[in-house]
Amino acid sequence: MQNLKLYNTLSGNKEVFKPISPGSVSMYVCGPTVYGEGHLGHARPAITFDILYRYLKFSGYKVRYVRNITDVGHLLNDADDGGDKIGEKAKLLQLEPMEVAHYYTKKYHESMYKLNVENPSIEPLASGHIIEQIEMIKKIIENGYGYEVNGSVYFDVVKYNETNEYGSLSGRKIEDMLANTRDLEGQSDKKNQVDFALWKKASPSHIMRWPSPWGDGFPGWHLECSAMSCKYLGEEFDIHGGGMDLVFPHHEAEIAQCCAANNNKGARYWMHNNMITIEGQKMGKSLGNFITLNEFFNGSHNKLNQAYHPMVIRFFILQAHYRSTIDFSNEALKAAEKGLLRLLNAVKTLNKIIPKENSTIDVSLFSMNCDEAMNDDLNTPVVLSHLFDAVKVINSCNEGKHNLSVADVGLLKDLFNKYVIEIFGLQSFLNTNNSSDVSALMSLILDVRNQLKKNKDWTTADKIRDGLNNINIEIKDNKDGSSWDYKK
RNA sequence: GGUCGGAUGGCCGAGUGGCUAGGCAGUGGUCUGCAAAACCAUCUACACCGGUUCGAAUCCGGUUCCGACCUCCA
């Protein structure tokens, strides 16, 4: 575990991971803004950092994992029109903003549960930390990096940059950003185009609002993460994660806020997962080309040929390295489904293998290879490739082409338990024939059918097989008899 | 326009200066009354042009194309 290397956006390199306090890890990941259905893009960071969370825990670390819910409406755009996402949606549906936020939070949780994403240790709501955010703004103002204009408070990026490096995370230079002026939309109160809001005055029509020393308003777009990470993980913590699209300005602003308030950068390791693309373009809420998770689960989107089990989505995401884009297609998803079935079937097969005196094949390297890949910046696709190599071994043993000793069967069981179940969280979704009534019934049916087969009554035997097939039960005729299982 | 990243076989996706991940599909087998499933084996590759090197898909330079961020976004 000392060998775990993680890519740090801050340095642009893979770095050996060393937690601030040995044995425990503090980790913050940007969660969703709950104003719409969760989509595939939400699944990616959730699963990526779920893998990291599980891996760290499996490696013996005590992990405090904080993943926020953004239930405070951020502004739709930079113009001072007071519109926010949750508020707009609430108006549209004639609901309280909190009804909207709560509804989508619930939906998000349901999807995460289906994807077997573990709950974080703390899942703070932005709306529940308005006080902390106000306190942080006060500190920033006290330290001279915030200024108030007309009931709004802005972060003075230019001043901050005099003593700090604004842009160190995203590799931007403030001069370029200042030179790159965009059209001023309406009258802005900001001193400089690069400044960002810490507190926004609420226009009369703005429904999500809280009192503050600067009047009624709502916190700025980047503040909640700084305030909540600081509250639960301290001024300095180990890992901060999120999607790559958040690097700028969101995370850049977070760093600036933390430095301005606490003189501390916050996280040591910044990790960013890449985007999911659809037909080569980013899948995103704002682009309107997203497929919701529920649409995947029930196959209802017109781009989908079929429904995909949540575990297939999970596996699909793990098949690519988290820093690569991953392109959605039915073909790729279908391939993932098949691959996952192969992997999970091998887990089943492994339990049926009868150990022999000696092994005729070397299985000692699998575990080390998987660990190595995992330690190399969570290279899950390579881990999977090693697991599939092991699948080959398992299957050939099952076919009697190789033998495995008791100890080696144990090694493989440990390996699959560790990676497939514990760390990758790939639950078997193969239906198990565990109902004793059904089992008894089925063994009777198979018995009768075998008799028919002996009598060469193929018509009736096939009728039984086809009939069962229609109710999702599959008969498999092997040389040593027949077995059955629910279809996938 | 600025900043950054990418271009791998039919598809998806790893990777590395020499020993050609893996999955899916295809092909050939095994099994079977037939079928399905399953299993085994196996073919296609590194955008283009130069350079460095004994050797480059991997390093360097250039070209083309694509994407991301620069406005909320996972």
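Computed from a predicted model, the values in this text were never measured in an experiment.

**Re the overall build of chain A**
So, step 1. Helix and strand counts for chain A stand at 16 helices and 15 strands.
So, step 2. By principal-axis analysis of the C-alpha atoms, chain A measures approximately 90 × 50 × 35 Å.
So, step 3. The proportion of buried residues among the 488 residues of chain A is 42%.
So, step 4. Long-range pairs, those at least 24 residues apart, make up 73% of the contacts in chain A between residues at least 6 apart in sequence.

**Some details on the confidence of the model for chain A**
So, step 1. On average, residues of chain A score 89 in pLDDT, and 94% of them are at 70 or above.
So, step 2. Mean pLDDT in chain A bottoms out at strand β15 (residues 481–486), which sits at 79, and peaks at strand β4 (residues 62–67), which reaches 98.
So, step 3. In this model residues 183–187 is a low-confidence stretch, pLDDT under 50, and it forms four contacts with partners more than four residues away in sequence or in other chains.
So, step 4. Interface confidence in the predicted complex, given as ipTM, is 0.93; pTM for the same model is 0.92.

**Overview of the environment of Glu-175**
So, step 1. Turning to its location among the elements, Glu-175 is positioned in helix α6 (residues 174–179).
So, step 2. Put simply, Glu-175 and Val-158 are 17 residues apart on the chain and 9.5 Å apart in space, counted from C-alpha to C-alpha.

**Observations concerning the protein's contact with RNA strand B**
So, step 1. Residues in close proximity to RNA strand B total 70 residues, the closest being Gly-41, Gly-243, Ser-324, Gly-339 and Ser-385.
So, step 2. Classifying every residue of the surface near RNA strand B by side-chain character gives 23 nonpolar, 25 polar and 22 charged.

**Re helix α7 (residues 223–233)**
So, step 1. Among the 11 residues that make up α7, nine are buried, leaving the element largely enclosed by the rest of the structure.
So, step 2. Within the span of α7, buried status applies to Leu-223, Glu-224, Cys-225, Ser-226, Ala-227, Met-228, Ser-229, Cys-230 and Leu-233.
So, step 3. One or two residues past the end of α7 sits Gly-234, with phi positive at roughly 95°.

**Let's talk about the domain arrangement of chain A**
So, step 1. If you check the domain split of chain A, you get domain 1 (5–273), domain 2 (277–423) and domain 3 (436–486).
So, step 2. Its C-alpha centre places domain 2 at a distance of 31 Å from the equivalent point of domain 3.

**Concerning the sheet that holds strand β13 (residues 326–328)**
So, step 1. Read from one edge of the open sheet, three strands run β12-β11-β13, paired in mixed fashion. Two strands bound the open sheet, and with one partner strand each, they are β12 (281–282) and β13.
So, step 2. Two strands pair when backbone bridges link them, and strand β11 (residues 276–278) and β12 are joined in this way by two bridges, in the antiparallel orientation. Residue pairing across strands places Ile-278 opposite Gln-281, the latter belonging to β12.

**Some remarks on the sheet that holds strand β6 (residues 152–155)**
So, step 1. The strand order across the open sheet formed by four strands is β5-β6-β7-β8, and the pairing between neighbours is antiparallel. The open sheet terminates on both sides in strands that have one partner only, identified here as β5 (146–149) and β8 (217–219). Ignoring which end each strand starts from, the neighbouring axes of this sheet average 20° apart.
So, step 2. Bridge count for β5 against β6 is four bridges, and the pairing is antiparallel. Bridge pairing in β6 links Val-149 to Ser-152.

**Some words on the nonpolar core**
So, step 1. Ranked by internal contacts, the top residues of the largest apolar core, which has 127 residues, are Leu-40, Ile-140, Phe-155, Leu-198, Ala-256, Leu-387 and Tyr-419.
So, step 2. It is helix α1 (residues 40–58) that contributes the most residues to this core, 10 residues altogether.
So, step 3. Taken domain by domain, the makeup of this core includes at least three residues from each of domain 1 (5–273) and domain 2 (277–423).
So, step 4. Setting aside residues up to four positions removed in sequence, Tyr-419 forms contacts with Cys-370, Val-383, Leu-387 and Phe-424.

**Points about the packing of helix α11 (residues 330–352) against helix α13 (residues 380–398)**
So, step 1. Contact geometry for α11 and α13: axes closest at 9 Å, N-to-C directions at 45°. Considering their axes alone, α11 and α13 lie oblique with respect to each other. Once α11 is placed against α13, the crossing between them reads as left-handed. Packed against α11, whose contacting residues are Arg-342, Leu-343, Ala-346, Thr-349, Leu-350 and Lys-352, the element α13 presents Leu-387, Phe-388, Val-391, Ile-394, Asn-395 and Asn-398 at the interface.
So, step 2. Here the contact of α11 with α13 is built from residues that sort into seven nonpolar, three polar and two charged.

**Digging into the pairing of β4**
So, step 1. Pairing between strand β3 (residues 24–29) and β4: six bridges, direction parallel. Bridged to Ser-26 within β4 is Arg-64.
So, step 2. What joins β3 to β4 is α1, and the crossover it makes is right-handed.

Definitions and cut-offs
Residues numbered from 1 in each chain as written. Chains lettered and ligands numbered in written order. Predicted model: local features only at pLDDT ≥ 70, side-chain atom pairs only at ≥ 80, totals over all residues. Helix = DSSP H or I, 4+ residues; strand = E, 2+ residues; numbered from the N terminus. Buried ≥ 20, exposed ≤ 12 C-beta atoms within 10 Å, placed from the backbone. Contact = placed C-beta atoms within 7 Å. pLDDT = per-residue confidence, 0-100. Near = placed C-beta within 6 Å. Nonpolar A, V, L, I, M, F, W, Y, C, P; charged D, E, K, R; others polar. Domains from an automatic or database assignment. Pairing = 2+ DSSP bridges. Axes fitted to C-alpha atoms, helices over the stretch in contact; angles between N-to-C directions. Core = buried A, V, L, I, M, F, W, Y, C linked by C-beta atoms within 7 Å. Parallel < 35°, antiparallel > 145°, perpendicular 65-115°, else oblique. Left-handed = near helix turned anticlockwise from the far one by under 90°. Right-handed = clockwise from strand over helix to strand, strands pointing away.

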